[in-house]
Amino acid sequence: MVDYHASNNQTPYSSSGQQQRNMEQENDWDRDLLLDPAWEKQQRKTFTAWCNSHLRKSGTQIENIEEDFRDGLKLMLLLEVIAGERLPKPERGKMRVHKINNVNKALDFIASKGVKLVSIGAEEIVDGNAKMTLGMIWTIILRFAIQDISVEETSAKEGLLLWCQRKTAPYKNVNVQNFHISWKDGLAFNALIHRHRPELIDYDKLRKDDPVTNLNNAFEVAERYLDIPKMLDAEDIVGTLRPDEKAIMTYVSCFYHAFSGAQKAETAANRICKVLAVNQENEHLMEDYEKLASDLLEWIRRTIPWLENRAPEKTMAEMQQKLEDFRDYRRVHKPPKVQEKCQLEINFNTLQTKLRLSNRPAFMPSEGRMVSDINGAWHKLEGAEKGYEEWLLNEIRRLERLDHLAEKFRQKAAIHESWTDGKEAMLTQKDYETATLSEIKALLKKHEAFESDLAAHQDRVEQIAAIAQELNELDYYDSPSVNARCQKICEQWDALGTLTQNRRESLERTEKQLESIDELYLEYAKRAAPFNNWMEGAMEDLQDMFIVHNIEEIQGLITAHEQFKSTLPEANKERESIQAIQAEVQKIAQYNGIKLAGNNPYTSITPQSIDKKWEKVQQLVPQRDQALQEELARQQSNDHLRRQFANQANMIGPWIQTKMEEIGRISIEMNGTLEDQLTHLRQYEQRIIEYKPNIDQLEGDHQLIQEALIFDNKYTSYTMEHLRVGWEQLLTTIARTINEIENQILTRDAKGISQEQLHEYRTSFNHFDKDHSGVLQAEEFKACLISLGYDVETDKQGEAEFARIMGIVDPNNSGAVTFQAFIDFMSRETTDTDTADQVIASFKILAGDKNFITAEELRRELPPDQAEYCIARMAPYAGPDAVAGALDYMSFSTALYGESDL
């Protein structure tokens, strides 16, 4: 089946200038080729037959082309017949001057039709110059038989060639590429006849290797049934290496004009093809939208459960891996989906614009796949994403605190266990049973010192229990071992309390038997115990872990440490005083010859242990200094990262806001043509895209901050999440604005709207857009309609008219009218588009004025894919005049435009 694409609304020429260029091109014939005897013979025969086919309408003819036109009489008569106009009255004289005047009248008439005659003068025609005469006749044939041929956007020779190619395309062994070699085997002539009158020729019996038979068959059929005189002999064409192009074009033009009546059906088929092509394209766009929407919603559906998963990990390393996975999602997986979402909205707007331009109903996606549904799902995704990030950071803080508390618990537990080691054995010994009175008194005093020491350790036990309780509340993964150790410490502590009480009772029972006491030992013990506790507390504090989040906190620790160091001289004096007591004991014992039984009976704290612990404190102080300075350096580095991020964020944030405001102004203002605006917007978009490295740099700074576990920044109010959202909104807004301009260009070109009309529409729209929001609210739109002369006042008829118009410009009932919908409405009011009635009329032509059409007729007149498209969707015709295989083209045409009836 032939592929139809030409429109029956096209004019033969694009302009008078184009017409003149076509004539000059065709008139530039090669006169030297006329000297070829074979070509000259073909031209004489063809041109003579062509002239006679017109002259016979006036009852005359010519025999010799160069002789019979010499007096100009038959030449003027030929022009009157083919042009349908009267020429000036010819001169009947026999003199040469009379003949020249007649020929000049004919040549002047030809020139008046826009034909440029090249070196053809009346004298050469009167003198019987064969070359000039043939050139003149060819010029006449071009102007009156070939130039007016128009197929699609081509005319004259190209139009005739395109027509031949269209008509002969389905035929085997036919490939028309020119007007000489392509016609030698005669199959092209037969194909033209068979295409329009298949009953005249049995094409399948023709053979490519028998050109003479093929040519004679075509010429005889054309002369007998189509009233086309035989203009060439088959032997002349076959016997020539390259047939004369002008002779073939002249002959073929007669076929074109003989079959010109078939153009009406071709035009009807073209209209249907156009409508069906639009419908198929729209269906393809709808399918693409549905697939893209489904894929995006499925990705969101799979991603949200992952972001909503709050299953905590046990260690920092595992949580850090979760955070890295989340960063990969942000950097790698999400950006393409942001682009897909933007492209989906652009495709949806473009599809709706094309549907409006083709007078089709608005596209309603399947349930759950509206743009609003996708935006809702996307909003839910971003909410889950924000919550997941906050959870991750909070969980990392929790694990960090847990690690700190666990280490603190182990240190305090180890110190306490070291202190309690051996205490039970000491409390259960029976040494008082064999001791002297002085020893008993010493044991009693020693026990009192131990009780003081025991009371001093009560706070540490309570701290250990409190830390264990906090670890349980924070769901520490190793809580069972912590609880077991804490339970053991508490049970041991209770046992120590019981044993201490029991020993005190035993000593008090024997106290009456003990009278001597060494006051110095007692004083030593009483002063050594708290000092010893102070040193142990100092060592514990100096080795205690710390966690800070800013410079102020670490500076506070450094200040506290400096204050502690300032107390060391006084502590050293206390140590020397305690050691002086022990020295005094030794001095008195030596002076009085007293043999000491051993260590101080009131305390286990020896001078050596005090000195050892004091040395330990002296060692820990510089170590603490170094740890605090290292932490200060780290916090200074963190503060530098904060300032670095803040400097960039404080520049990018206002930049994004400024660009958003500029885009808003651009979308409202109308400077220059739509193409200028589109070019400007695309350049503007490119400049925005070129700014992307700044965003990437800021992302890198943000990653460094997160890796450093920095959770606040007093130098800026901008967060990375805020800037990401602003950047994505900026890209989406500029893409939407460009799409709106492209849709306006589509509307303008499809509706034939001038730039001045678009400017007027934009001026009216902006005038009533009081809040500069880019859309008209219902009341603003009503005021605009009233200013344009529409009767939409508050009476019932006006309200009904306004409701009808709002149904057109706002099919989704959003309550607002966009500029695109506004110009669609205004262009619809002033332009025409294809309608269901026009399509029905076109089908009626193809059906031969019947109320139904058959599948065979559709396959014959339409391209294969569009014919099968119609056959698959047309319902059987059920009218009284129905025949087998009849199809209902009226209901089909109505359905194309979404109408319920004609």
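Just so you know, the residues in each chain are numbered from 1, in the order the chain's sequence is written. Where local features are concerned, this predicted model is filtered to residues with pLDDT of at least 70; where side-chain atom pairs are given and counted, the filter is 80 or more; whole-chain, interface and lining totals use all residues. With hydrogens and water excluded, all non-hydrogen atoms of the structure serve as input to the side-chain values.

Draft legend 1. Spatial organisation of the pattern of salt bridges. One speaks of a salt bridge when a side-chain nitrogen belonging to Lys or Arg is within 4 Å of a carboxyl oxygen belonging to Asp or Glu. Here the structure, examined in full by the defined rule, presents 58 salt bridges. For R301, the salt bridge goes to E298, with nearest N and O atoms at 2.3 Å. Pair noted here: R301 and E298 are both in helix α13 (residues 263–308), with a separation of three residues, about one helical turn. For each residue, the accessible area found with a 1.4 Å probe, counting protein chains only, is set against the maximum for its type, and the residue is called buried under 20%, exposed over 50%, and partly exposed in between. Taking relative accessible area as the criterion, E298 reaches 30% and is therefore assigned partly exposed. For E324, the salt bridge is made with R331, and the minimal N-O distance between the two is 3.4 Å. With a relative accessible area of 27%, E324 lands in the partly exposed category. Each of R330, K334, E385, E389, E699, E721 and R724 takes part in a single network of salt bridges with overlapping partners. The numbering of helices and of strands both runs from the N terminus, where a helix is a DSSP run of H or I of at least 4 residues and a strand a run of E of at least 2.

Draft legend 2. Expanded view of the environment of Y251. Relative to the helices and strands, Y251 resides in helix α12 (residues 245–258). Given a relative accessible area of 0%, Y251 falls into the buried group. Distance in space between the C-alpha atoms of Y251 and F47 is 8.9 Å, their sequence separation being 204 residues. Contacts of Y251, omitting those with residues within four sequence positions, involve T46, F189, F219, I228, P229, K230, M231 and L232. Residue contacts follow a heavy-atom distance rule, with two residues in contact if any of their heavy atoms lie within 4.5 Å.

Draft legend 3. Spotlight on the packing of aromatic side chains. Stacked, edge-to-face and tilted are the three classes for Phe, Tyr and Trp ring pairs, Trp counted by its six-membered ring, which pair at centre distances within 6.5 Å; planes under 30 degrees apart are stacked, over 60 edge-to-face, the rest tilted. Enumeration over the complete set of coordinates arrives at 27 aromatic pairs. Measuring from ring centre to ring centre gives 6.1 Å for W419 and F450, while their planes differ by 0°; the resulting arrangement is stacked. Separated by 31 residues along the polypeptide, W419 in helix α15 (residues 371–420) and F450 in helix α17 (residues 437–456) bring together distant segments of the chain. Residue W419 shares its accessibility class with F450, and that shared class is buried. Each residue in the set F179, W183, F189, F219, Y251, F255 and F259 is aromatic and connected to the rest through ring pairs, giving one cluster. For a ring to carry a charge above it, either NZ of a lysine or CZ of an arginine must fall within 6 Å of the ring centroid while also lying within 35 degrees of the normal to the ring plane. In this arrangement the basic side chain of R143 is found over the ring face of F144, its NZ or CZ atom lying 5.1 Å from the centre. If you follow K423 out to its NZ or CZ, it ends over the ring of W419, 4.8 Å from the centre.

Draft legend 4. Highlighting the packing of helix α4 (residues 73–83) against helix α7 (residues 130–146). Closest axis-to-axis distance for the α4/α7 pair is 11 Å, and the angle between their directions is 10°. In this view, α4 runs roughly parallel relative to α7, as classed from their interaxial angle. Contacts from L75, L79, I82 and A83 in α4 reach M136, I140 and F144 in α7. Each residue receives one of three labels: charged for Asp, Glu, Lys and Arg, nonpolar for Ala, Val, Leu, Ile, Met, Phe, Trp, Tyr, Cys and Pro, and polar for the others, Gly being one of them. The residue makeup of the contact of α4 with α7, split by class, is seven nonpolar, no polar and no charged. Interaxial angles span 0 to 180 degrees and are taken between N-to-C directions of axes, which are lines fitted to C-alpha atoms, for helices over the stretch in contact. Should an angle fall under 35 degrees it is called roughly parallel, over 145 degrees roughly antiparallel, and 65 to 115 degrees roughly perpendicular, with every other angle called oblique.

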